[in-house]
Amino acid sequence: MKNLGLLCSCSSIVLIYIFILTCSNVVEHAEGFDIDTILQLPRSGSPRTRPRAKRVLFIGDFGAIGDGHHDDTKAFENAWNIACSFPVRARILLPSGYTYLVHPVELGGPCRSKITLMISGTVVAPRNPDVWDGLNPRKWLYFHGVNHLHVVGGGTINGMGQEWWARSCKRKKTNPCRHAPTALTFHKCKNLKVQNLMVVNSQQMHIAFTNCLRVTVSNLKVIAPAMSPNTDGIHISASRGVEVKNSIVRTGDDCVSIVSNSSCVKIRNIACGPGHGISIGSLGKSNSWAQVHNVLVDGAFISNTENGVRIKTWQGGSGYAANMKFQNVLMENVSYPIIIDQYYCDSDLPCANQTLAVKVDNISFVHIKGTSATEEAIRFACSDSLPCEGLYLEDIQLVSYTEGITKSFCWEAYGSSFGLVKPASCVTCTSGLIKQIVPSGLPVDSF
């Protein structure tokens, strides 16, 4: 059995368990488990010493009203442009107690120095989707080409997505399928920090990082109803050196999704659910080439989701999903807690069988426990032409949420297991019971 060799240099991290159960049951029911008492956002407004050379720009000084009715977009843009032109670090402040209505806006770099956007109040989107007529329907708050941007403050970003959801073809089949905005997009940003915010009710995805480098995301609450369509919590695409930690995500789609050309990603100490779990992919749609590698998920509580930890690829794609470890995860009432699906098909019509596939290789599942809402707690459905290899399971205990039985399903799945694995592993052993030596950290700061 080959080691899970991470391509980036690695540093040690401390294993974080976010689950401590004090009652005699292994897992309590979700309604009795208050995850907010475990993961809490820091309170905003704590004083911090400012560097000597820093400018603070109050958005109200640029004409913002902050009553939730008047359009404050121009004030936001003007404050950004001034801050971006400063030769010294600048801070834009949206103070608490105000609600700023902001229409679709692009805020770009490069800027002359570092910028901190401090959102302590509330930013809301227009309720009516018709506001986007003639504009890019995928964008609301769109940041691009900025280096050393910090977005913080303890405030709320509200996408006001209810009317978008009502018009979605996922909600009603007779509706036309249309794009909808991502609430908060960061494109081609470097050395980015997004911390201590609440992002709610996005029109579609809540937060997206595309083509970004060195990103830290922490202490977020991302919330939308379970039935809101395509409302991924945190979406990572074509980005490298991303760390997401100490956050709560409850939406109608993937809590965290990691897609093509992303690498060196750490997900730590996450509460997820409802939603679709933590997903790699989908990869390889429309016969495309994709790669995701060097991913560590360490410490998660996943509850009442359609999936737990998942890798999903389309038939006909190419590339690879490799060098990943999912560890220290507690599941509660999760359908398909552990799943690799190389026959993913998000279509009303059946997908054609194809020979090409995205290669899945060197994937570890370690210390994963809890309850499954389905009988099939472990599912490895791998490609006939390009089987999954290097799968590894250790200390897996997944029992039925309804006191039934659980089982594993394997198709063209090769690897090994070590210690207790329940339900019993069905992977075809290729190298005996050899414990993988997996580096415990990913070098987010080394790029």
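Residues numbered from 1 in each chain as written. Predicted model: local features only at pLDDT ≥ 70, side-chain atom pairs only at ≥ 80, totals over all residues. Heavy atoms only, no water.

**Regarding the pattern of salt bridges**
And step 1. Inspection of every chain in the model, using the stated rule, returns 13 salt bridges.
And step 2. Note that lysine 170 and aspartate 346 form a salt bridge whose closest N and O atoms lie 3.9 Å from each other. Taken together, the residues lysine 170 in the loop between helix 2 (162–166) and strand 11 (182–187) and aspartate 346 in the loop between strand 23 (338–341) and strand 24 (359–372) connect sequence positions 176 residues apart.
And step 3. Judged by its relative accessible area of 46%, lysine 170 is partly exposed.
And step 4. When the shortest N-O distance is used, the salt bridge between lysine 369 and aspartate 395 registers 3.6 Å. One end of the pair, lysine 369, is in strand 24; the other, aspartate 395, is in strand 26 (residues 388–400), with 26 residues separating them in the sequence.
And step 5. Judged by its relative accessible area of 18%, aspartate 395 falls in the buried class.
And step 6. One salt-bridge network, held together by shared partners, links Asp130, Glu163 and Arg167. (Salt bridge = Lys/Arg side-chain N within 4 Å of Asp/Glu carboxyl O. Helix = DSSP H or I, 4+ residues; strand = E, 2+ residues; numbered from the N terminus. Buried < 20%, exposed > 50% of the residue type's maximum accessible area, 1.4 Å probe, protein only.)

**Observations concerning unusual backbone geometry**
And step 1. For the peptide bond that leads from glycine 273 to proline 274, omega is 10°, which places it in the cis range.
And step 2. Looking at the element boundaries, proline 274 is found in the loop between strand 18 (262–272) and strand 19 (278–283).
And step 3. With omega at 20°, the peptide bond leading from glycine 281 into serine 282 counts as cis.
And step 4. Mapped onto the elements of the fold, serine 282 is located in strand 19.
And step 5. Even without glycine at this site, glutamate 403 takes up a positive phi of about 65°.
And step 6. If you trace the backbone, glutamate 403 turns up in the loop between strand 26 and strand 27 (407–411).

**A few points about the pairing of strand 11**
And step 1. In terms of burial, strand 11 is largely enclosed, as six of its six residues are buried.
And step 2. Two strands pair when backbone bridges link them, and strand 8 (residues 139–144) and strand 11 are joined in this way by five bridges, in the parallel orientation. The residue bridging histidine 144 from the neighbouring strand is histidine 187, located in strand 11.
And step 3. Of the strand pairs in this sheet, strand 11 and strand 13 (residues 207–210) are connected by four bridges, and their pairing is parallel. Across the sheet, threonine 185 pairs through a bridge with alanine 208, a residue of strand 13. (Pairing = 2+ DSSP bridges.)

**Regarding the environment of tryptophan 411**
And step 1. Inspection of the secondary structure assignment puts tryptophan 411 in strand 27.
And step 2. Each C-alpha atom, one on tryptophan 411 and one on valine 427, is 8.2 Å from the other, the two residues being 16 residues apart in sequence.
And step 3. Excluding residues that lie within four positions of it along the chain, tryptophan 411 makes contacts with Tyr343, Phe380, Ala381, Cys382 and Asp384. (Contact = heavy atoms within 4.5 Å.)

**Describing the side chain of asparagine 269**
And step 1. Note on placement: asparagine 269 falls in strand 18.
And step 2. A polar atom in the side chain of asparagine 269 sits 2.6 Å from the side chain of asparagine 246. (Polar contact = N/O pair within 3.5 Å; in protein donor to acceptor, adjacent residues only side chain to side chain.)

**Digging into the sheet that holds strand 11**
In a beta sheet, neighbouring strands pair by backbone hydrogen bonds and run either parallel or antiparallel.
And step 1. Taken together, 11 strands build an open sheet; the order of strands is 5-8-11-13-15-17-19-21-23-25-27 and the sheet is parallel. Each edge of the open sheet is held by one strand with a lone partner, namely strand 5 (105–108) and strand 27. Taken pair by pair, the neighbouring strands of this sheet meet at an average axis angle of 15°, ignoring direction.
And step 2. Helix 1 (residues 73–85) contacts strand 5 and strand 8 of the sheet and is inclined by roughly 5° relative to strand 5. (Axes fitted to C-alpha atoms, helices over the stretch in contact; angles between N-to-C directions.)

**Observations regarding the state of the cysteines**
And step 1. Following the criterion strictly, the structure yields six disulfides and no others.
And step 2. Paired by a disulfide, cysteine 345 and cysteine 351 hold their sulfur atoms 2.0 Å apart. Here cysteine 345 and cysteine 351 share a disulfide; its torsion about the S-S bond, 85°, makes the bridge right-handed.
And step 3. Taking relative accessible area as the criterion, cysteine 345 reaches 28% and is therefore assigned partly exposed.
And step 4. When its relative accessible area of 28% is taken as the criterion, cysteine 351 is described as partly exposed.
And step 5. Disulfide partner of cysteine 382: cysteine 388, at an S-S distance of 2.0 Å. Between cysteine 382 and cysteine 388 the sulfur-sulfur dihedral comes to about -100°; the bridge is accordingly left-handed. In this pair, the class of cysteine 382 matches that of cysteine 388, namely buried. (Disulfide = S-S within 2.5 Å.)

**What about helix 1?**
And step 1. The end-to-end C-alpha distance of helix 1, which contains 13 residues, comes to 19 Å, matching closely the 18 Å that a straight helix rising 1.5 Å per residue would cover.
And step 2. Where helix 1 is concerned, the buried positions are Thr73, Ala75, Phe76, Ala79, Trp80, Ala83 and Cys84. Buried residues of helix 1, viewed axially, fall in a sector of 165°; they line one side. (Expected span 1.5 Å × (residues − 1). Arc of directions from axis to C-beta.)

**Section: the packing of aromatic side chains**
And step 1. Taken as a whole and assessed by the stated rule, the structure comprises eight aromatic pairs.
And step 2. Taken together, a centroid distance of 5.3 Å and an interplanar angle of 15° make the contact between phenylalanine 143 and phenylalanine 186 stacked. Highlighted residues: phenylalanine 143 in strand 8 and phenylalanine 186 in strand 11, separated in sequence by 43 residues.
And step 3. Residue classification places phenylalanine 186 among the buried residues on the basis of a relative accessible area of 0%.
And step 4. With 5.4 Å between their ring centres and 90° between their planes, tryptophan 314 and tyrosine 344 make a pair best called edge-to-face. With tryptophan 314 in the loop between strand 21 (309–313) and strand 22 (318–334) and tyrosine 344 in the loop between strand 23 and strand 24, this residue pair connects regions lying 30 residues apart in the sequence. In this structure, tryptophan 314 and tyrosine 344 share a single accessibility class: buried.
And step 5. Within the aromatic cluster, the residues linked to one another by ring pairs are Trp80, Phe143, Phe186 and Phe209.
And step 6. In this structure, arginine 55 packs its charged tip against the face of phenylalanine 86, placed 4.9 Å from the ring centre.
And step 7. A cation over a ring is seen here: lysine 139 above tyrosine 142, with NZ or CZ 4.0 Å from the ring centre. (Phe/Tyr/Trp six-rings, centres within 6.5 Å; stacked < 30°, edge-to-face > 60°. Lys NZ or Arg CZ within 6 Å of the ring centre and 35° of its normal.)

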